[in-house]
Every structure is written in C-alpha cells, then in structure tokens.
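# Summary of the model geometry
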Amino acid sequence: MDETSDEPPTSAVLLDNCHFSQVIFNNVDKFYVPGGDVTCYYTLTQNIIPRGKDWVGIFRVGWKTTREYYTFMWAPLPSDARSDTPVQQQIQFKAYYLPKDDEYYQFCYVDQDGVVRGASVPFQFRAETEDDILVVTTQGEVEEIELRNKNLRKENEELKASCASLKKQNIGLQKELNKMQELQNSLESLRSNTVKLELELTSLKKENKQIKELDDCREAELHQLKEQIQNVTSDKERLETRLKTALDHMDQLQSQVLNYEKEVENLSLMDRDKTEQLESLKEENRQLRAIGTQQKEETKELERCVEYLKGSKAELLLCLSPCLQNEPSICGGAAREMQQNHDLMKELEEQKRLFQILQAKKNEANEENQKRREDELLRHLLQAEEVSSFSVASQARAPIPSPEVGSLLFGNPYCGEIIWHSVSIRKCPMCDEVFPEDSETSQYEAHVQSHLLKCPVCSKIFEKSNKQVFNDHIFCHSLE
C-alpha cells in the first residue's frame, strides 16, 4: 500500500516494451530486516527526463504490468532538471508499508505514462542469519585462496571494464533507438499529413470547381455593377447640381436670417419703449380712476345739495304763501331768492348731465382701451412666437396706445410731455407680476402664455378669463 490517497499512473504495457536502463538502482542489499525503514538509492541517466508524476514502487518478482505494485513513493524532482550528467536520488520507504513475507521483491522506477524506466536486482525481507563459521586452513590453502582471489579480482576488473563498455554501447544503442523512434514518429506524422493533404486536395478541387462557377456569376454581377456605377455617376452629377443650388439657397436663407435678426433687434428696442409707455399709461389710468372716484363723490355731494335745496324750496313756498297776500314787497324779495335757487338748480342739473356724459365717455374710452389692449397683446404674442423661432433672447411686451386728448370732455390733465425712464423690470400685462431683466425670457414667456388659451384649429388666442368665449369658439369649429 502507498502513503497517499492518490493512485500512481499505471499502464498495461508488458515487460518487452520497457526501458530498464534509463534509471539505475545502486547499493541494493540482498535482504532487508523486517520492521525497519528501507532507503532506495538510484541514478537518473541523461536518457530520461524526470516529471512530476514519476514514482518508485516495490514489485514482487514475476510481475507483468505496473498495476501489480505492492507499495510506492512519489519520485522527487532533481534540483537541476536540465543537467546532462547522471543525478543521484534516494527515497525512503517506511517500515509500516513494507511487505511482511520473505518473497523476492525489486525496486522499479515508473514514469507518469506508466512505463518502467529502471528495475533493481531482487531482494528479500527476512531476518539476518548467522554465517560466521570458523574455518581452519593450512598455509598452502591460504596461498591458493589468495591466488584465486587475485584471479577473481582480475576477472572482476575485466568484468567491470566490459560492463562499462556494455553500458556505453547500451547508451549508444538507446540513442539510436530514440532516433529510430523519432524517425518512426516523424514517418507516422508524415503519413497522417499526407492523408490530410490528400483530403485537403480533394476539398480544394471541389472548392476550385465552386469558385469557377462563382466566377461566372460574379462576371455577370460585375457587368450589372458597372451599369449601376454609371447610373450612380449620373445620379451623383445630378445631386451635385442640386447641392450647389441648395447651397446657393442656403446662402440666401442666411442673409434672410441676418435680416430677421436685425428686425428682431429692432423689435426688441420697440418692445422696450412700448413697455415703458405701458407703465406710464397704467399710472395715468390709475390717476384717472382716482379722479373719477373723486368726481363721483362730488356728484353725490351735489345730489345731496339738490335734494336739500328742493326741500328748502318747498318749505320756503309754504312760508311765503301768506306773505304774498299781505306784503307785496316781501314777496318781491322772496321771488328774487326763488329765482336764484332756480338758477342754481339748473346749474346743478347741467353739472349732473355733464358728469353723466363724462362718465359715459370715460366708460367708452375704457372699453376701447381694453379692446386695443387685447388686440395689441395678441399681435405682441404672435410677434413673440416669430421671434422665438429665431432664438431671440428678448420677449416682446404688448404696448397700449395712449388715449387722445380730445376723447375726454375736459381734456386729460396728465397728457403732455412725458419723461421716459429706463425700465429695469418686466411686468406681466395680465396680472402685473414683476420679472427682473436678469430672469430667463422663457420663464416670462411661459408665464404670459399661462394667461392665454390657444385654439388648436385656427391658433386664435383667448384670455383665460374669457373661457366661455373660448369654449363657444371651439364648439363652432366642431360644427363645421
């Protein structure tokens, strides 16, 4: 059994195909004492390249394949694996894993392909026997033994020399065998390559036939492509002419864009002036409303005076009726006073009538101004949409024309020379919300648009306050 859980690589290769001379086992005893560790010494020749899965096993003599090992140890890799000289190695087998019988065993070096690369002489695991026997010999026998030993030494030297020569011959034969094996491998590879080349040649012939067929098709396609190229060339010339015309038209459009930009700048200046004018007119409108309120209060006061005078007149008539019969002189003075009161009443009536005329004209002027304001706002928004299409930063604000002086009965006391001031803020013409000049124009425009309703059919603009009119307008479109 082995010391690790991994099974060593083995094969069913027979002994005839093994190479026992590539690893030489040294100092192998004839027997080893049971119960003790056994150290195995071996030499790796230059004919073997050690690998990580090589192993040394103990086999019972008479084994047939490398699967019949008793125990094994992984062979350590030498420190210099690329050395061209023989390398001495050793492995120690623990006593626990060694055989317990007295059969003959031997060490075998097996590579990671399961092929035996070297085998030792047989040995046994048994106890040491007592061989010390006292022998008594004579001098002649001693000399004869010495002579025999000398001859045996000489024969031993000769055998060692012949063994060394045989080893050299073995190494040479092993090299030649390796070369023959390489040649055989190369021959087999050449044969396989020849078969592959024949198959490739057959496939190439088929491909060549297909290519010829494709060549005929491609000639027809080439002819068609030439015709298409001619058509494309004519199309290209026509497109170049159209491109030149388009470029000329683009130059004209650019010049028009420049003119539009100049117009937008002018509109922006006009918008600024009209905004200032709108602010001034709003201030005048507030003052006119204050004057109207004051005149209403004066009218109410005059009405109260008229009522008071009417009551005084009735009382005076009641008081003077007895006097008219008794004292004509007194009646003459009362008559004069009555005439003055009558004149005063006429003047009050005239003032009241003039005030009513003034109030009617004021209401008419307010309605006309409101209508003009709505028309100007719509025109202003349409201009703003045109300006936004050219990405102009300024937003037009709708101006309101100043009322004529002649439209009021007594004239507009605030109409005259107007001193214009620079406006640093923008106000919404609908709700008077203030927008600083540094705010984005899109924000101001979105705010103004939020007060309006746009017809999706004819793009007519309506104020949100007139939503019923907008709904009626949409309903009229649905009836068309």
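Here the structure is a predicted model, which is why all the values come from computation and not from measurement.

This part takes up helix H4 (residues 467–479). Two residues of an α-helix separated by three or four positions point the same way, owing to the 3.6 residues in each turn. With 13 residues, H4 ought to run about 18 Å at 1.5 Å a step, and its terminal C-alpha atoms sit 19 Å apart, in line with that. When H4 is considered as a whole, its buried residues turn out to be Phe470, His473 and His477. The arc enclosing the buried residues of H4, seen along the axis, measures out at 60°, which places them on a common side. Turned more than 90 degrees from where H4 packs its buried face, Gln468, Phe475, Ser478 and Leu479 sit exposed. Looking at the packing, one finds that the buried side of H4 touches strand E12 (452–454) and strand E13 (461–463).

Counted according to the given criterion, the structure contains 19 aromatic pairs. Here the aromatic rings of Tyr42 and Tyr109 are separated by 5.7 Å at their centres, their planes lie at 50°, and the arrangement is tilted. Taken as a pair, Tyr42 in strand E3 (residues 38–44) and Tyr109 in strand E7 (residues 104–110) lie far apart in primary sequence, 67 residues in all. A relative accessible area of 0% means that Tyr42 is categorised as buried. With a relative accessible area of 1%, Tyr109 lands in the buried category. Aromatic pair Tyr96 and Tyr97: ring centres 5.1 Å apart, planes at 90°, arrangement edge-to-face. Judged by relative accessible area, Tyr97 falls into the partly exposed class, the value being 23%. The ring of Trp74 has Lys53 lying over it, and the distance from NZ or CZ to the ring centre is 5.0 Å. For Arg126, the ring lying beneath its charged end belongs to Phe31, and the centroid distance is 4.8 Å.

Further remarks concern the confidence of the model for the chain. Per-residue pLDDT for the chain has a mean of 79; in total, 81% of the residues score no lower than 70. Model confidence for the chain, summarised as mean pLDDT per element, is weakest for strand E10 (residues 425–427) at 68 and strongest for strand E4 (residues 55–60) at 96. Low pLDDT, under 50, characterises residues 390–410; the stretch is placed with 53 contacts to residues that sit more than four places away or in other chains. Contacts for the low-pLDDT stretch residues 413–424, under 50 throughout, to residues beyond four places or in other chains number 17 contacts.

For the rest of this paragraph, the subject is the sheet that holds E3. Spatially, 3 strands are ordered E1-E3-E6 in an open sheet, and the strand pairing comes out antiparallel. Where the open sheet ends on each side, the last strands, each with one partner, are strand E1 (23–26) and strand E6 (87–93). The average angle at which neighbouring strand axes cross in this sheet is 30°, direction not considered. In terms of strand pairing, E3 meets E6 through 7 bridges, oriented antiparallel. Considered in E6, the bridge of Thr39 is made with Gln92.

Let us look at the nonpolar core. Ranked by size, the top nonpolar core spans 22 residues in total, and within it Phe25, Tyr42, Val56, Phe93, Phe107 and Tyr109 carry the most contacts. Those elements giving two or more residues to this core turn out to be E1, E3, E4, E6, E7 and strand E9 (123–125). When residues in this core are grouped by element, the largest group, 4 residues, is from E3. Apart from the residues lying within four places of it in its own chain, the contact partners of Phe107 are Phe25, Val28, Tyr32, Val38, Cys40, Gly57, Ile58, Phe93, Gly118, Ala119, Ser120 and Phe123. Counting 8 residues, the second largest nonpolar core, distinct from the first, contains Trp55, Tyr69, Val110 and Val116.

Parameters at a glance
- Residues numbered from 1 in each chain as written.
- Predicted model: local features only at pLDDT ≥ 70, side-chain atom pairs only at ≥ 80, totals over all residues.
- Heavy atoms only, no water.
- Helix = DSSP H or I, 4+ residues; strand = E, 2+ residues; numbered from the N terminus.
- Expected span 1.5 Å × (residues − 1).
- Buried < 20%, exposed > 50% of the residue type's maximum accessible area, 1.4 Å probe, protein only.
- Arc of directions from axis to C-beta.
- Contact = heavy atoms within 4.5 Å.
- Phe/Tyr/Trp six-rings, centres within 6.5 Å; stacked < 30°, edge-to-face > 60°.
- Lys NZ or Arg CZ within 6 Å of the ring centre and 35° of its normal.
- pLDDT = per-residue confidence, 0-100.
- Pairing = 2+ DSSP bridges.
- Axes fitted to C-alpha atoms, helices over the stretch in contact; angles between N-to-C directions.
- Core = buried A, V, L, I, M, F, W, Y, C linked by side-chain atoms within 4.5 Å.

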